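Breakdown of the fold
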Amino acid sequence: MIASEPKPLDEILRQLENDQQVFVVACDGCSAGCKVSDPEHTEQMVKELREAGKTIAGLARVEMVCNAGLTALMLMQHLAAVNQADGILVVSCGVGIQTVAAAVEKPVHPATNSTYLGGFAGLWRSDPRCAECGDCMLDFTGGICPYTACSKGLLYGSCGGPNKGKCEVDPAVPCGWVRIYERLASLGKADRLKAIPPLRNHRHMLPAGARRQTSLWALELFEPEASEGESKAT
Amino acid sequence: MSFKEALATQDFVITCEVAPPKGVDMKHVLEEAELLRGKVAGINVTDLQAAAMRVSSVATCSLLKQMGLEPILQMVCRDRNRLALQSDLLSAYVLGIRNVLCLTGDHTTLGDHPDAKPVFDLDSVSLLRAGQGLIKGKDLAGNDLDSVPTDLFLGAIVTPCADPLEPQIYKLHNKIEAGARFIQTQAVYDTGAFEKFMQRIPEVKTPILAGIVLLKSAGMARYMNANVAGVFVPDPLIKEMAEAGKKDKDAKERGEKASHVVRTSINIAARLIRDLKPLCHGVHLMPLGWGHHVPAVLEAAEL
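Residues numbered from 1 in each chain as written. Chains lettered and ligands numbered in written order. Predicted model: local features only at pLDDT ≥ 70, side-chain atom pairs only at ≥ 80, totals over all residues.

Here we look at the overall build of chain A
- Scanning chain A from N- to C-terminus turns up 11 helices and six strands.
- Per-residue burial for chain A yields a buried fraction of 46% across its 234 residues.
- Taking the intrachain contacts of chain A between residues at least 6 apart in sequence as the baseline, contacts between residues at least 24 apart amount to 67%. (Helix = DSSP H or I, 4+ residues; strand = E, 2+ residues; numbered from the N terminus. Buried ≥ 20, exposed ≤ 12 C-beta atoms within 10 Å, placed from the backbone. Contact = placed C-beta atoms within 7 Å.)

What follows is the structure, given as structure tokens:
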């Protein structure tokens, strides 16, 4: 499983700056287990979005958002509301967010940071991948993760390596940053690449010792408020 | 004259790269650099080029500096995290090195240690930002420096004939925004394509030096077309090299001296330099082992 924590509301609202009508996709899988996307916390977030002046065009709960078929089916059922929305807010891990981005030609925004890969035996992470970096920037990159889609994990755009859109490391693999550019261009948002995001904070990727010892911390021990203090202590 | 002064005062600026050895005999690289004395405004020293382990760029630049030459330190982000990169910027500075070309770097898997851990904690844009921060007296974490490398002169690269080009242009703007004061480019063989690139970025005032890689054979040109990102050698140039190769083969069979390939390569490079001269601020030569032919190229270009 992939553990996640909610992004702060002000960060979510910054992402939604240009989106009045918001469609929410919430996962009933791992992130619900982390008490991030479970019905209670999703409703709370929706309430806060409404209070902040956003219109909720619709809400879909999907058993596992990482399951592309299931997610596509659910989006089809809400087709009118999805079409009406300016953007889609996804409450799931990074894999689920990228699954929604791949399924729909709308800006997709992460409501979470994925922080940790727990070990449910036999469960293989699906493609697209999430690096559990704890600082999700899928909003900035059009729903394609640069840490995992770029061989170098670059934050600031394509290196000089891609040859005809293919990665220098493996010509069979499309360049992650060319994909991000094409995705943003198709959404009319390529100019977003003019912004230079903050440096990656690797402390988010180093769980405190206590967390590392058990994959259940997210389910039983994790307190979102404590995360800042804990990461400082590492 | 410093490289920075040359860019500010000269209409057309030439730079050339040299490569440190895989070993400890510096004779060859220093001789190649010596050939460039008085002919170029700066000498780039590559940083573990093609991800192959060798003598460092900092050490080689320091030796060039001691010889009274003007080194341009190339720095890639593949092998060091943000602490080491910033430390090396300061270390280069205390050795008298002022010019730094900031690159992301080839991936480790393309080099001679393919099993190594690729770092890429920073990339070209964030390395430029780090350098720009140091110039202003702060490190990347916002800590004050107790003394400041005020004269650090930072540059970046661009691939002007990349396909698709737009991601490169966005990144070029970000590099300039982050502190790049000069730009050297990937190899250009198609001056028409380069002209189109320059027309795409009329707002860019940062000096751009177009890259020139000496062609060594028709085979090399075909290889680059197939495998090297953003490099396109037009057919007529490949044909020219192929014909020169055939003449050399015939000459060798007759027991004569074979020099057509070298002469053709020099002529092509000189022609490219002349054609590029009205389009940009200078050229950056990458001879890839043919450094001894660079003086002939510059002579043939009649600069």
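So that's the structure; there's more coming.
Description of the overall build of chain B
- From N to C terminus, chain B includes 11 helices and eight strands.
- Principal axes of the C-alpha set define a box for chain B whose edges measure 70 × 45 × 45 Å.
- Taking all 303 residues of chain B together, the buried fraction comes to 48%.
- Long-range pairs, those at least 24 residues apart, make up 77% of the contacts in chain B with a sequence separation of at least 6.

With respect to the nonpolar core
- Counting 148 residues, the largest nonpolar core has Val 90 and Val 100 of chain A together with Ile 212 of chain B as its most contacted members.
- Element by element, the count of residues in this core is highest for helix 10 (residues 260-276) of chain B, at seven residues.
- Dropping the residues within four chain positions of it, Ile 212 of chain B is found in contact with Ala 187, Ala 269, Leu 272, Ile 273, Val 283, His 284, Leu 285 and Met 286 of chain B. (Core = buried A, V, L, I, M, F, W, Y, C linked by C-beta atoms within 7 Å.)

Quick word on the confidence of the model for chain A
- Residues of chain A with pLDDT of at least 70 account for 83%, and the chain-wide mean is 86.
- The low-confidence segment residues 226-234 of chain A, where pLDDT is below 50, has eight contacts with residues more than four positions distant or belonging to other chains. (pLDDT = per-residue confidence, 0-100.)

Some details on the sheet that holds strand 4 (residues 99-103) of chain B
All names here are of chain B.
- Ordered by their spatial adjacency, eight strands build a closed barrel running 1-2-3-4-5-6-7-8, and the pairing between neighbours is parallel. Across the sheet, the mean angle from the axis of one strand to that of its neighbour is 30°, orientation sign disregarded.
- Bridging between strand 1 (residues 13-18) and strand 2 (residues 42-45) involves four bridges; their strand directions are parallel. Pairing of Val 18 across the sheet is with Val 45, part of strand 2.
- Sitting on the sheet, helix 10 is in contact with strand 7 (208-213) and strand 8 (282-286), with an inclination near 165° to strand 7. (Pairing = 2+ DSSP bridges. Axes fitted to C-alpha atoms, helices over the stretch in contact; angles between N-to-C directions.)

Notes on the sheet that holds strand 5 (residues 108-110) of chain A
All names here are of chain A.
- Read across the sheet, four strands follow the order 3-2-4-5 without closing on themselves; strand pairing throughout is parallel. A single partner strand is all that each edge strand has here, and the edge strands are strand 3 (55-62) and strand 5. Sheet twist, expressed as the mean angle between neighbouring strand axes with direction ignored, is 25°.
- Alignment of strand 2 (residues 21-27) against strand 3, held across seven bridges, turns out to be parallel. Bridge pairing in strand 3 links Val 24 to Leu 59.

Things to note about unusual backbone geometry
All names here are of chain B.
- The omega angle of the peptide bond from Asp 163 to Pro 164 is 0°, so this bond is cis rather than trans.
- Tracing the backbone shows Pro 164 in the loop between strand 5 (153-158) and helix 6 (166-178).
- Of note, Ala 51 is a non-glycine position whose phi angle comes to about 60°, a positive value.
- Within the secondary structure layout, Ala 51 lies in the loop between strand 2 and helix 3 (57-66).

Overview of the interface of chain B and chain A
- Contacts between the two partners involve 29 residues from chain B, matched on the other side by 25 residues from chain A.
- Elements supplying a minimum of two residues to the side of chain B that touches chain A: helix 5 (124-135) and helix 6 of chain B.
- It is helix 6 of chain B that contributes the most residues to the side of chain B that touches chain A, nine residues altogether.
- A per-class count over the side of chain B that touches chain A returns 12 nonpolar, 11 polar and six charged. (Nonpolar A, V, L, I, M, F, W, Y, C, P; charged D, E, K, R; others polar.)

Remarks on helix 2 (residues 27-35) of chain B
Residue and element names in this part refer to chain B.
- Three or more residues of helix 2 are buried, namely Val 29, Glu 32 and Ala 33. Buried residues of helix 2, seen end-on, are gathered within an arc of 100° and therefore sit on one face of the element. Away from its buried face by more than 90 degrees, helix 2 exposes Lys 27, Glu 31 and Glu 34.
- Where helix 2 is buried, its residues meet strand 1, strand 2 and helix 3. (Arc of directions from axis to C-beta.)

Describing the pairing of strand 4 of chain B
Residues and elements named next belong to chain B.
- The element strand 4 is extensively covered by neighbouring structure, given that five of its five residues are classed as buried.
- Residues of strand 4 alternate between two faces, with Asn 99, Leu 101 and Leu 103 on one and Val 100 and Cys 102 on the opposite face, all of them buried.
- Taken together, the five bridges between strand 3 (residues 71-76) and strand 4 define a ladder with parallel strand orientation. Looking at the pairing, Val 76 lines up with Leu 103 of strand 4.
- With three bridges connecting them, strand 4 and strand 5 associate as parallel partners.

Let's talk about the pairing of strand 6 (residues 182-187) of chain B
Residues and elements named next belong to chain B.
- Summarising burial for strand 6: six of the six residues are buried, a large majority.
- For strand 5 and strand 6, the ladder comprises four bridges, and the chain directions are parallel. Bridging across to strand 6, Val 158 finds its partner in Thr 185.
- Crossover strand 5 to strand 6 through helix 6 is right-handed.
- Where strand 6 meets strand 7, three bridges bridge the pair, whose relative direction is parallel. Pairing of Ala 187 across the sheet is with Gly 211, part of strand 7.
- After leaving strand 6, the chain enters helix 7 (residues 191-200) and then returns to the sheet as strand 7, a path that is right-handed. (Right-handed = clockwise from strand over helix to strand, strands pointing away.)

Topic: the environment of Ala 26 of chain A
Residues and elements named next belong to chain A.
- When you line up the elements, Ala 26 lands in strand 2.
- The exposure class of Ala 26 is buried, given the 26 C-beta atoms found within 10 Å.
- Along the primary structure Ala 26 and Ser 114 are separated by 88 residues, whereas in three dimensions their C-alpha atoms are 14 Å apart.
- Dropping the residues within four chain positions of it, Ala 26 is found in contact with Ser 37, Thr 42, Leu 59, Arg 61 and Val 91.

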